[in-house]
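Residue-level listing of the chains:
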Amino acid sequence: MKKVVLAYSGGLDTSVCIPLLREHYGYDKVIAVTVDVGQPEIDIKEAKERGEKLSDSYREVDAKEEFVHDYIFRLIKANGNYEGYVLGTAIARPLIAKHVVEVAEEEKADAVAHGCTGKGNDQLRFDAVFRTTDLDVVAPIREMSLTREEEKRYASEYGISFATEKRWSVDENIWSRSIEGSELEEPSFVPPEEIFQWTVSADKAPENAEVIKIGFVQGIPVSLNGTKMGGVSLIRKLNELGGKHGIGRTDTIEDRVLGFKSREIYEHPAATILLEAHRDLEQLVLTRNELRFNDFVDRAWSELVYQGLVMDPLYESLNAFIDKTQERVNGLVYARLEKGVARVVGRQSPNALYSKDVSFDAKLEQKGAEGFSMYHGFQSRIVRRDQKR
Ligand code: ARG
């Protein structure tokens, strides 16, 4: 008996995959797995209903805690960001793939499958993790080069129905919401307000600003306004607060791994607030040399994650380096939320490298700086002198 485990979201692509895996690929048993990384509850519920109906065996894995602790916290420590994109979809894919592989190993399946097309980044992210095993990898939509219209035809042929036709393609988890497709594909198309669900537009945000206080321990956010909070609830709370103030919208042209440019829209209030706050705290506690070097490390980290290459040993090495610098990233950050903007307005840390002894108002032995100043800009002085001759 040939068995395959499919990464199942409940949407059109992955739903069509189930009958195709049976009829086109000849699998006898299709096991559908939905990995919960904080999608809306309604999506999880629909995936379960549809998955149970269509597949031979359906499983749901709650990976929210794991997603936050092993993936999002790493991202915060690394100031994860790719061309301004907070890496929401990218960072979830390897975790989903990992759980699909685990089920496949338990079930002694022959293959793993995903419903990604051959156009995007997600195929690469799933494949990169899937192919670290000996399992066969199947991607029906990509292999059969199906268009959206053809998929819809298959769906009705196989009796798969959706209550509402979705205008946009949305990918959502606890860290971000990504919206693409339809008219949004046209870079000049101004998106209607209705595509946004986590954030209000800045002009609808409350007139009054709100200052919040976020506590960090070793680079990880642990408290809000003095109350200790677990990662999942902290992120949810910040999504709500930030969203209310219209914070965390991105509309961008993104360079996909394959080199295609695509128009992408995201919502990510908690991510914006936490990344701003974390970066600011680093500025207080890390040395100038560390900060300069980190720019390079964080960028390398983000590129790997965007490409889904978390199995590259470099990812592990970068994380080890980052964890070392984060030992001193402890303290509090005050952020002001106001009309679409999260701005840091104060910070404090037991590890601060800031010294009052040399501050603006301090009485300093100023003559000591004379020698340093003497040769400052020495090379340009010579060039200028030569030009005058
Ligand atoms: N472009 C983003 C990425 O590659 C997000 C894709 C999300 N997909 C969607 N159907 N909205 O990570």
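Going by the structure above, here's the rest.
A brief look at the structure comes next.

Each value, and the rule that gives it
- Residues numbered from 1 in each chain as written.
- Predicted model: local features only at pLDDT ≥ 70, side-chain atom pairs only at ≥ 80, totals over all residues.
- Heavy atoms only, no water.
- Helix = DSSP H or I, 4+ residues; strand = E, 2+ residues; numbered from the N terminus.
- Contact = heavy atoms within 4.5 Å.
- Lys, Arg positive; Asp, Glu negative; His and termini not counted.
- Charge placed at Lys NZ, Arg CZ, Asp CG, Glu CD.
- Near = heavy atom within 4 Å.
- Polar contact = N/O pair within 3.5 Å; in protein donor to acceptor, adjacent residues only side chain to side chain.
- Areas by Shrake-Rupley, 256 points an atom, 1.4 Å probe, with all protein chains shown as cover.
- Nonpolar A, V, L, I, M, F, W, Y, C, P; charged D, E, K, R; others polar.
- Salt bridge = Lys/Arg side-chain N within 4 Å of Asp/Glu carboxyl O.
- Buried < 20%, exposed > 50% of the residue type's maximum accessible area, 1.4 Å probe, protein only.
- Patch = residues over 30% accessible without salt bridge, like charges linked within 9 Å, V, L, I, M, F, W, Y side chains within 5 Å.
- 1 Å grid on protein atoms, 1.4 Å probe; cavity = no way out; pocket = protein on both sides within 12 Å on 5 of 7 lines; lining within 4 Å.
- Points joined across faces, edges and corners; volume = space filled by probe spheres on them.
- Pairing = 2+ DSSP bridges.
- Axes fitted to C-alpha atoms, helices over the stretch in contact; angles between N-to-C directions.
- Right-handed = clockwise from strand over helix to strand, strands pointing away.

Right, let's talk about the overall build of the protein chain for a bit. Counting its secondary structure elements, the protein chain contains 13 helices and 14 strands. Counting only C-alpha atoms, the protein chain reaches 85 × 50 × 45 Å along its principal axes. Put simply, 72% of the contacts in the protein chain that link residues at least 6 apart link residues at least 24 apart. Positive and negative side-chain charges of the protein chain, numbering 53 and 65 respectively, have mean locations separated by a distance of 7 Å.

Another aspect to go through is the site of the ligand. In the neighbourhood of the ligand, the contacting residues comprise Tyr-85, Thr-89, Ala-90, Asn-121, Arg-125, Ser-169, Asp-171, Ser-178, Glu-180, Glu-254, Glu-264 and Tyr-266. Between the ligand and the protein, one listed contact pairs a nitrogen atom with a side-chain N or O atom of Glu-264 at 3.1 Å. Coverage of the ligand by the protein amounts to 91% of the 350 Å² it exposes when considered alone. Put simply, the parts of the chain that give the shell around the ligand at least two residues each are helix 4 (88-106), strand 6 (169-172), strand 7 (177-180) and strand 12 (261-267). Its residues assigned to classes, the shell around the ligand shows 3 nonpolar, 4 polar and 5 charged.

For the structure shown, the criterion picks out 38 salt bridges. Where Arg-279 meets Glu-282, a salt bridge forms, and the shortest distance between an N and an O atom there is 3.6 Å. With Arg-279 and Glu-282 both in helix 9 (residues 269-285) and 3 residues apart, this pair spans about one turn of that helix. When its relative accessible area of 29% is taken as the criterion, Arg-279 is described as partly exposed. The class for Glu-282 is buried, based on a relative accessible area of 1%. A salt bridge links Arg-336 to Glu-338; the nearest nitrogen and oxygen atoms lie 3.0 Å apart. On the basis of relative accessibility, which here comes to 28%, the residue Arg-336 falls in the partly exposed class. Residue classification places Glu-338 among the partly exposed residues on the basis of a relative accessible area of 26%.

Another point: a nonpolar patch on the surface. A cluster of nonpolar residues, Met-374, Tyr-375, Phe-378 and Ile-382, forms a patch on the protein surface that exposes about 420 Å² of accessible area. Locating Met-374 in the fold gives a position in helix 12 (residues 370-374). Given the relative accessible area of 49%, Met-374 is considered partly exposed.

In this structure, the second largest pocket spans a volume of roughly 350 Å³. Asn-79, Gly-80, Asn-81, Tyr-82 and Gly-84 are the residues nearest the centre of the second largest pocket, which is lined by 19 residues in total. Mapped onto the lining of the second largest pocket, the elements with two or more residues apiece are helix 9 and helix 10 (288-307). The dominant element in the lining of the second largest pocket, judged by the number of residues it contributes, is helix 10, at 6 residues. Grouping the constituent residues of the lining of the second largest pocket by class yields 3 nonpolar, 9 polar and 7 charged.

Turning our attention to the sheet that holds strand 2 (residues 29-36). Strand order in the open sheet made by the 5 strands is 3-2-1-4-5, with parallel pairing throughout. Because the sheet does not close on itself, it has two edges, and the strands there are strand 3 (57-62) and strand 5 (136-138). The mean angle between the axes of side-by-side strands here comes to 25°, regardless of whether they run parallel or antiparallel. Across 3 bridges, strand 1 (residues 3-7) lies against strand 4 (residues 111-113) in parallel orientation. Within strand 4, the position partnered with Leu-6 by the bridge is Ala-113. Here helix 1 (residues 12-23) sits on the sheet and contacts strand 1, strand 2, strand 4 and strand 5; the angle it forms with strand 1, its principal contact strand, is near 170°.

In sheet architecture, strand pairing relies on hydrogen bonds along the backbone and comes in two forms, parallel and antiparallel. Taking strand neighbours across the sheet as the criterion, the 4 strands line up as 6-7-12-11 in an open arrangement whose pairing is antiparallel. Here the strands that pair on one side only, and so sit at the sheet edges, are strand 6 and strand 11 (249-255). Across the sheet, the axes of successive neighbouring strands diverge by a mean angle of 25°, strand direction being ignored. Pairing of strand 11 with strand 12 involves 7 bridges; the strand directions are antiparallel. If you follow Ile-253 over to strand 12, its bridge partner there is Arg-263.

For strand 2, the tally of buried residues reaches 7 of 8 residues, placing the bulk of the element in the interior. Looking at chain direction, strand 1 and strand 2 are connected through 5 bridges and run parallel. When the sheet's bridge partners are listed, Leu-6 is paired in strand 2 with Ala-32. This β-α-β element, strand 1 to helix 1 to strand 2, shows right-handed connectivity. Two strands pair when backbone bridges link them, and strand 2 and strand 3 are joined in this way by 6 bridges, in the parallel orientation.

The next subject is unusual backbone geometry. Residue Lys-108 is not a glycine yet carries a positive backbone phi of 50°. Structurally, the position occupied by Lys-108 is in the loop between helix 4 and strand 4.

Turning next to the side chain of Gln-326. Among the secondary structure elements, Gln-326 is positioned in helix 11 (residues 313-326). Discounting chain neighbours no more than four positions away, the residues touching Gln-326 are Lys-77, Gln-218, Gly-219, His-278 and Glu-282.

Turning to the environment of Gly-120, a few remarks are in order. Structurally, the position occupied by Gly-120 is in the loop between strand 4 and helix 5 (122-130). With relative accessibility at 15%, the residue Gly-120 sits in the buried group. Sequence separation of Gly-120 and Val-68 is 52 residues, and the distance between their C-alpha atoms is 24 Å. Beyond its immediate stretch of four places on either side in the chain, Gly-120 contacts Arg-256 and Leu-258.

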